[in-house]
Amino acid sequence: MKYYKFFDHDETPYREYDLSGKEYRDLIGLCFRYSDVLSFINCSPDKRIVKLMENDHISRPDYIRTDNSLYGYGYLNDDEIGLRFYRLGSEIMEMMLSETGSIFDWISGRGFNNPEDPVFYRKDGSIFFSSIIHEGEITLSVNDDEDVSSIISNAGWKEVSDFNYHGFCY
């Protein structure tokens with residue numbers, strides 16, 4: 001497995017990056033191609049987007065681990081962090097592409113009131129894509145048979161040696 005990180009900025013020299021427009025659409029397309037389930041945190045029932053996704057809401061699939069430390073909240077349960085799961089389909093994809101123009105818009109803050117930190121899971125429960133949006137960080141965990149070359153060739157992506165599910169790279 002290979003791991004790729006995207007950061008919304010570089011310190012030396014300081015530059016800002018975004019995944020928007022075609023790059024955002026391509027990223028979401030890859031996530032839907034290689035994944036089966038999507039989750040968000042901070043899914044308050046009063047959020048307009050959460051209401052739009054209600055038809056695709058599912059209980060946590062048994063094959064997806066129950067450790068919320070992925071979000072840095074290992075001591076809280078699903079309800080306390082507002083964790084919700086969604087079966088992927090064309091309606092969810094259309095909503096993700098029409099409601100936001102950047103992966104970094106998936107946040108409740110900075111002028112947005114959206115669910116946060118999308119995570120895409122494969123059919124076996126492993127994670128293909130994870131994010132810590134308020135930190136400006138996303139990660140692709142790529143199997144050998146998954147082609148992400150069209151995405152990682154864009155500025156801001158870096159291959160890293162390892163990724164654990166606490167959101168840190170080593």
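What counts and what doesn't
- Every chain begins its residue count from 1, and numbering advances along the sequence as written.
- Local features in this predicted model are restricted to residues whose pLDDT is 70 or higher, and side-chain atom pairs enter the listing and the counts only when it is 80 or higher, whereas totals over whole chains, interfaces and linings include all residues.
- As a rule here, side-chain values cover all heavy atoms of the structure and leave hydrogens and water aside.
- Secondary structure elements are taken from DSSP: a helix is a run of H or I of four residues or more, a strand is a run of E of two residues or more, and numbering for both begins at the N terminus.
- Burial here depends on accessible area, computed with a 1.4 Å probe over protein chains only, as a share of the maximum for the residue type. Under 20% is buried, over 50% is exposed, and the range in between is partly exposed.
- In what follows, residue pairs with any heavy atoms lying within 4.5 Å of each other are defined as contacts.
- With residues, only the protein chains shown are counted as cover, and all accessible areas are computed by Shrake-Rupley using a 1.4 Å probe.
- How sure the predictor is of each residue is captured by pLDDT, a score from 0 to 100.
- A pair of strands is treated as paired once DSSP finds two or more bridges between them.

### Some points on the overall build of the chain
Thought 1: Within the chain, the regular secondary structure consists of 5 helices and 12 strands.
Thought 2: Put simply, the chain has 170 residues, and 49% of those count as buried.
Thought 3: Within the chain, residue pairs in contact and separated by at least 24 positions form 71% of the contacts whose partners lie at least 6 positions apart.
Thought 4: Accessible surface for the chain amounts to roughly 8,500 Å². Of this, 46% is attributable to carbon and sulfur atoms.

### Considering the confidence of the model for the chain
Thought 1: Taken as a whole, the chain shows an average pLDDT of 88; of its residues, 87% reach a score of 70 or greater.
Thought 2: Per-residue pLDDT, averaged within each element of the chain, yields its smallest value for helix 3 (residues 78-81) (72) and its largest for helix 1 (residues 21-34) (97).

### Points about the pairing of strand 1 (residues 2-7)
Thought 1: With 6 bridges connecting them, strand 1 and strand 11 (residues 137-142) associate as antiparallel partners. Opposite Phe6, over in strand 11, you have Ile138 as the bridge partner.

### What about the sheet that holds strand 4 (residues 37-41)?
Thought 1: The strand order 5-6-4-9-10-11-1-12 describes an open sheet built from 8 strands, whose pairing is antiparallel. In this open sheet, the two strands that pair with only one neighbour each are strand 5 (57-58) and strand 12 (157-160).
Thought 2: Relative to strand 11, strand 10 (residues 127-132) runs antiparallel, the two sharing 4 bridges. Opposite Phe129, over in strand 11, you have Leu140 as the bridge partner.

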